[in-house]
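# Observations on the model geometry
Each chain, letter by letter, is given below.
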Amino acid sequence: MDILITVLSISGISAGLALIIVIAEKYLNNYGRCTIKINDDREIVVEGGDSLLSSLSEEKIFIPSACGGKATCGYCKVKILEGEKPVLPTEEPYLTGEEKKDGIRLSCQIKVKNDLSVYIPEELFNIKQYTAVVSEIEDLTHDIKSFVFKLNDPENIIFKAGQYVQIDSKPYGKVRESVSRAYSISSAPFERQTIELIVKLVPDGLCTTFMHEHLREGDKVTLSGPYGDFYIRDGDEEIIFIAGGSGLAPVKSMVADELEKGSRRKMVFFFGAVTEKDIFHMDFFKKLQAESPNFTFIPAVSRPQGSWHGEKGLVTEAVERYLNDDIERQAYLCGSPGMINAGIELLKRKGMREENIFYDKF
Amino acid sequence: MGESIYINPLVIFFASILTSNMVLANFLGMCSYISVSNEYKTASGLGKAVTFVMAVTTVMNFAVYKFIIIPLGLEYLRYIVFILVIAASVQVIEMVMDRYFEGLYIKLGIFLPLITVNCAILGISLFMVIREYDFIQALFFGLGSGLGFWLAISALAAIKEKMAKSKLPKGLEGPGITFIITGIIAMAFIGFSGIFQIQ
């Protein structure tokens, strides 16, 4: 009897409190219909109370966001023209003084409470949401897999080599939530109907665990893109690529795209791996190297276990040995923050100008 | 504890700021006290938010205890019920602030979820029951303890800011020196115990 009373009273109290919160939410969090004016030419009407990021995505306008609205990636910046509120402490770390002056804000932190007027760069309107089917999964190393997606709706994607898409995971096992994470496209832009992603398993990573362990060929997924400003800039300088692990993905797309376009630019790709077993797509790049006099592939292994004949040591050491002249170059780096920081530091020491160094950290 | 002696609410108020300070005398609420005390401005913001939430939740829990828990004979469930009430009221406070006190929300908003798990808040509600305070006493106790937390965390943050550039022995950096500072402040506060005491 006592147990029953205990259970009932606790449930009753919890239900009462939940009811209070629901009522409070209904009345306090109800900001009515708000109008968002976009780039002064389009107006959308949304239900207030949600973040600007999710209000816009409901209207099929996708602002890049790698963290899914937690103010930890700082990608979802938009410019607020009218209806701005003071900057929140959660946004502070991601905004420079100049950006604050210009009204740049994180759209995930802005709650739509009143009519707003915002500016969104035109290229973001290319971003679409796709449904796709997994058509191929391949093991590349012990913790890296490649996934090929056949796009269903819409059927074609237009992107610049080096850009990324965001894929939405589905709940699995004990994970109830759905998260979206960003992965670079590794297939070339001329393959319009399929995209390939190279994903490294992150221990306890929500989305990578989903992709590695729960995604099967034939499964449907939703993704959005393309995002990002990591793509090859025009010019005729030599290009060097530096990548480690799954950072190879955008480079694969970029190299294939340049060769397909018949570019005459000289390209050198330094790929860093721990052991020989961590190198993948070796045949792909060796083949490109054999076919094209302008492309060189230099893999570097930091802890060779067998009889490795190539470069030994960190990838940056291989780059350092190579950079011994003074010609103009552009550099594209993709990999872990540690590798990228070391790479940038080396390139600057070797006299490269900062505006010729581009990178994608993850 | 004084069953029949009625303690003046004002005495409770000042004692909970100085001699029975939640942080310095009872060592409750240490997690946010240590982690959010690197900058005076943020520490002071957290202090204000804690003061506000403490005063509100003490009153709420007093009502819940008197009108729900005692009549139903559920005294042994007070821990759970108090936590639920604190969590729910913080949520509602957040929504009210966001709607009607926007300036305040911008300054204190990010601290509110943090406060839900501050043990000093639960501590106040439990002490209030153990010490058999009436409504006015509980109100002054909640408010005073909040101000006490604000005072303690602001003092620590101000000292830490002054010390930021000084050289410390490696092993004492971070929490180590924070505990030593806290200990010294606590000892200084014992000096007030000649004036009034409630514990």
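The structure displayed is predicted, hence computed values, not measured ones.

Time to look at the pairing of strand β2 (residues 42-47) of chain A. Along any regular strand the residues' side chains alternate between the sheet's two faces. Residue and element names in this part refer to chain A. With six bridges connecting them, strand β1 (residues 33-38) and β2 associate as antiparallel partners. Across the sheet, residue threonine 35 finds its bridge partner in β2, namely valine 45. Hairpin remark: β1 followed by β2, antiparallel, with three residues in the connecting loop; positive phi at asparagine 39, about 50°.

Residues and elements named next belong to chain A. Here the largest pocket is characterised by a volume of approximately 1100 Å³. Considering the residues around the largest pocket, the lining is formed by 31 residues, among which Pro64, Tyr227, Gly228, Asp229 and Phe230 are closest to the centre. Of all the secondary-structure elements, those providing two or more residues to the lining of the largest pocket are β3 (77-82), β11 (220-227) and β17 (357-361). Looking at the lining of the largest pocket, the element that brings in the most residues is β17, giving five residues. Residues belonging to the lining of the largest pocket are distributed by class as follows: 18 nonpolar, four polar and nine charged.

Looking now at the sheet that holds strand β10 (residues 194-200) of chain A. Residues and elements named next belong to chain A. Strand order in this open sheet of six strands is β9-β8-β11-β6-β7-β10, and the pairing throughout is antiparallel. Looking at the sheet topology across the chains shown, the edges are occupied by β9 (180-184) and β10. On average, adjacent strands in this sheet sit at an angle of 40° to one another, irrespective of strand direction. Where strand β8 (residues 164-168) and β9 come together, five bridges link them in antiparallel fashion. Opposite valine 165, over in β9, you have tyrosine 183 as the bridge partner. Across the sheet, helix α4 (residues 206-214) is in contact with β7 (144-153), β8, β9 and β10; its angle to β10 comes to roughly 115°.

As a further point, take the packing of helix α3 (residues 40-72) of chain B against helix α7 (residues 119-130) of chain B. Residues and elements named next belong to chain B. Here α3 crosses α7 at 40°, and the two axes come no closer than 9 Å. In terms of their interaxial angle, α3 and α7 are classed as oblique. Considering only the axes of α3 and α7, their crossing is right-handed. Facing Val50, Val53, Met54, Thr57, Thr58, Asn61, Phe62 and Tyr65 of α3, the residues of α7 in contact are Ala120, Ile121, Ile124, Ser125, Met128 and Val129. A per-class count over the contact of α3 with α7 returns ten nonpolar, four polar and no charged.

With 20 residues of chain B at the interface, the matching set in chain A holds 24 residues. In this assembly, chain B packs against chain A so that about 1900 Å² is buried in total across both faces, 75% of it on carbon and sulfur atoms. Of all residues in chain B, Met95(B), Arg99(B) and Ile106(B) give up the largest surface area on contact with chain A, accounting jointly for 31% of the area buried on that side. Counting every contact that joins chain B to chain A gives two salt bridges. Ionic pairing is found between Asp98(B) and Lys111(A), a salt bridge with its closest N-O pair at 2.5 Å.

This part covers the pattern of salt bridges. Any two side chains of opposite charge can pair, on the condition that their charged atoms come close. All names here are of chain A. Enumeration according to the criterion identifies 23 salt bridges over all chains in this entry. A salt bridge links glutamate 91 to arginine 105, with the nearest nitrogen and oxygen atoms 2.6 Å apart. Pair noted here: glutamate 91 is in the loop between β3 and α3 (97-102) and arginine 105 is in strand β4 (residues 104-106), with a separation of 14 residues, a long-range link. Its salt-bridge partner being arginine 353, residue glutamate 328 comes within 3.1 Å of it at the nearest N-O pair. With glutamate 328 in the loop between α7 (315-322) and β16 (329-335) and arginine 353 in the loop between α8 (337-349) and β17, this pair connects stretches of sequence that are 25 residues apart. Note on arginine 353: relative accessible area 42%, which makes it partly exposed. Linked by salt bridges that have partners in common, Glu84, Glu91 and Arg105 make up one network.

How each quantity is defined
Residues numbered from 1 in each chain as written. Chains lettered and ligands numbered in written order. Predicted model: local features only at pLDDT ≥ 70, side-chain atom pairs only at ≥ 80, totals over all residues. Heavy atoms only, no water. Pairing = 2+ DSSP bridges. Helix = DSSP H or I, 4+ residues; strand = E, 2+ residues; numbered from the N terminus. 1 Å grid on protein atoms, 1.4 Å probe; cavity = no way out; pocket = protein on both sides within 12 Å on 5 of 7 lines; lining within 4 Å. Points joined across faces, edges and corners; volume = space filled by probe spheres on them. Nonpolar A, V, L, I, M, F, W, Y, C, P; charged D, E, K, R; others polar. Axes fitted to C-alpha atoms, helices over the stretch in contact; angles between N-to-C directions. Contact = heavy atoms within 4.5 Å. Parallel < 35°, antiparallel > 145°, perpendicular 65-115°, else oblique. Left-handed = near helix turned anticlockwise from the far one by under 90°. Buried area = accessible area lost by both parts, 1.4 Å probe. Salt bridge = Lys/Arg side-chain N within 4 Å of Asp/Glu carboxyl O. Buried < 20%, exposed > 50% of the residue type's maximum accessible area, 1.4 Å probe, protein only.

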